[in-house]
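Summary of the model geometry
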Amino acid sequence: QRRVTWGIDLFEAIMFRLFSGAAGVGSVCAATWFSHRQYVAKQQEQDDSASDAEVDKFRTNPNFHVSEKLVNGQHQIIVMHKKDAIAFSSLQNDRELRDQAIKGYAGLAAKNDVDRYLKEENYIELLKHIWSEKDPKVRMEWLQRQVNSSNAHPLLMLEYATEQLRQNPLSHENINENKAWSVAGLVRAANDAACVDDMDAENSVQKLEGIYEQASESALSEENKKMIKEYKTYMTENFDKGAHLKYHDRVKSVGRQVLREAIENADSLPSPVWLAYNTLGCYMNGGNITMFPKEEWKTRREEHAKLLEQAFFSQFGSPSK
């Protein structure tokens, strides 16, 4: 029950930020990178031995990848679980690290590899293929096929949302799709978190929100950001005049779609395990994750999605027919 309760609170917080057009909330979150999963080397005048000992625990653990980077003149050591797709997704907001990650990848043309990674639910490798795809049309069409399936993964929904602004940030339709699929991806991520037996799962969903909000903002010029903010403000302020219909109803339509899928197809959705690799418990326990029993996942997802659906439409109403 605790997962359901916080899931609704988190959902309402996400809805408020997305509908109000609040700017910068996600950027601040994403700028911290891996939050408690980031280990920064201490200053020379401090006790470096303690920091070295802490990092060495991860260096010798095959579950983790340790890398180093200079950021604003400070030496940083970055620790990431090798299956932590959320932490990996944040690399898209650092061009240098992103380019390193996709070096040697051939985009979505490597169909056999892409299909295999989809089947294996290896979303880190899928992100590498998506990011290395140079043809915007191919990227968009592939992502669209994924989100239109009945078992799309939250990360792919968020990638699709971001792609909308990368390709045409001044299109009102693209802005609507960006917000609709951002909501969908985060709602489904919260639904997956209901299966993770770690209270930090909520923070992982919030981090995911920040990463992809920053990714969407980085696709825009300052002028475009201003125009989109004005558009969202107009849609919000003229809600009672009907200006909201396309903007808000598209969000509600997609939201209803993915929540219905979570209820009706709970046993065929991708595994929720991916989110557990980003939790504090995983990083503190040597890479071991704690999930609720697998036989409970279907029920937990169904119950969580039903309560989210009730909260969704009690707050925003049903989509226009």
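Quick caveat, the model's predicted, so the values are computed rather than measured.

1. Things to note about the overall build of the protein chain
In terms of helices and strands, the protein chain carries 16 helices and three strands. Counting all 321 residues of the protein chain, 54% fall into the buried class. Element-wise, carbon and sulfur atoms account for 48% of the exposed surface of the protein chain, whose accessible area totals about 15,100 Å².

2. Considering helix α8 (residues 136-147)
Its 12 residues place the ends of α8 17 Å apart at the C-alpha level, agreeing with the 16 Å of an ideal helix rising 1.5 Å per residue. For α8, the full list of buried residues reads R139, M140, W142, L143, Q146 and V147. In this structure D135 caps α8, since a side-chain oxygen of it lies 2.9 Å from the backbone nitrogen of K137.

3. Some details on helix α11 (residues 201-218)
Helix length check: α11 (18 residues) gives 26 Å between terminal C-alpha atoms against 26 Å at 1.5 Å per residue, within 8%. Residues of α11 that are buried include every one of A201, S204, V205, K207, L208, E209, G210, I211, Y212, E213, A215 and S216, and no others.

4. What to know about the environment of A161
Following the sequence through the fold, A161 ends up in helix α9 (residues 154-167). Residues A161 and N178 lie 17 residues apart in sequence; the distance between their C-alpha atoms is 4.1 Å.

5. Examining the pattern of salt bridges
Applying the stated rule across the entire model yields 12 salt bridges. Between K128 and E125 there is a salt bridge; the shortest N-O distance is 3.1 Å. Of the two residues, K128 and E125 both sit in helix α7 (residues 123-132), three residues apart, roughly one turn of that helix. Of the two residues examined, K128 and E125, each falls in the buried class. Taking the shortest distance from any N to any O, the salt bridge between R300 and E296 comes out at 3.1 Å. On the criterion of helical spacing, the pair formed by R300 and E296 is a turn pair, its members being four residues apart in helix α16 (residues 294-316). The network of salt bridges with shared partners includes D113, R116 and E120.

6. Section: unusual backbone geometry
Phi is positive for E121, close to 60°, though the residue is something other than glycine. If you trace the backbone, E121 turns up in the loop between α6 (111-120) and α7.

7. A short note on the environment of K119
Note on placement: K119 falls in helix α6. Separated by 151 residues in sequence, K119 and P270 have C-alpha atoms that sit 9.4 Å apart.

8. Thoughts on the side chain of T279
In this fold, T279 is placed in the loop between α14 (273-276) and α15 (280-284). On the basis of relative accessible area, T279 is assigned to the buried category, the value being 2%. Among the polar contacts made by the side chain of T279, one reaches the main-chain carbonyl oxygen of A276 at a distance of 2.8 Å.

9. Some remarks on the packing of aromatic side chains
Scanning the model with the defined rule gives four aromatic pairs in all. Seen in terms of ring centroids, F58 and F64 are 4.8 Å apart; in terms of plane orientation they differ by 85°. Their pairing is edge-to-face. F64 carries the same exposure label as F58, and that label is buried. Among the aromatic side chains, those forming a connected cluster through ring pairs are F58, F64 and Y283. One Lys or Arg, R116, reaches over the ring of Y117 and ends 4.7 Å from the middle of that ring.

10. Overview of the packing of helix α5 (residues 95-102) against α7
Closest axis-to-axis distance for the α5/α7 pair is 9 Å, and the angle between their directions is 105°. Classified by the angle their axes make, α5 and α7 are roughly perpendicular. Facing α5, whose interface residues are R98, A101 and I102, α7 presents K128, W131 and S132. Here the residues of the contact of α5 with α7 sort into three nonpolar, one polar and two charged.

11. What about the packing of α9 against α11?
The description of two helices packed together rests on the angle between their axes and the distance between the axes. Between α9 and α11, whose axes approach to 9 Å, the crossing angle comes to 20°. Here α11 runs roughly parallel to α9, going by the angle between their axes. Remark: the crossing between α9 and α11 carries right-handed chirality. Contact residues: L155, L158, E159, T162 and L165 in α9; L208, Y212, A215 and S216 in α11. Of the residues belonging to the contact of α9 with α11, the class tally is six nonpolar, two polar and one charged.

12. Remarks on the nonpolar core
Ranked by size, the top nonpolar core spans 67 residues in total, and within it F88, I130, W142, W181, L208, L275 and Y283 carry the most contacts. A per-element tally of this core places helix α10 (residues 172-193) first, with eight residues. Among all residues touching F88, those that are not within four sequence positions of it are M80, A101, I124, L127, K128 and W131.

Each value, and the rule that gives it
Residues numbered from 1 in each chain as written. Predicted model: local features only at pLDDT ≥ 70, side-chain atom pairs only at ≥ 80, totals over all residues. Heavy atoms only, no water. Helix = DSSP H or I, 4+ residues; strand = E, 2+ residues; numbered from the N terminus. Buried < 20%, exposed > 50% of the residue type's maximum accessible area, 1.4 Å probe, protein only. Areas by Shrake-Rupley, 256 points an atom, 1.4 Å probe, with all protein chains shown as cover. Expected span 1.5 Å × (residues − 1). Polar contact = N/O pair within 3.5 Å; in protein donor to acceptor, adjacent residues only side chain to side chain. Salt bridge = Lys/Arg side-chain N within 4 Å of Asp/Glu carboxyl O. Phe/Tyr/Trp six-rings, centres within 6.5 Å; stacked < 30°, edge-to-face > 60°. Lys NZ or Arg CZ within 6 Å of the ring centre and 35° of its normal. Axes fitted to C-alpha atoms, helices over the stretch in contact; angles between N-to-C directions. Parallel < 35°, antiparallel > 145°, perpendicular 65-115°, else oblique. Contact = heavy atoms within 4.5 Å. Nonpolar A, V, L, I, M, F, W, Y, C, P; charged D, E, K, R; others polar. Left-handed = near helix turned anticlockwise from the far one by under 90°. Core = buried A, V, L, I, M, F, W, Y, C linked by side-chain atoms within 4.5 Å.

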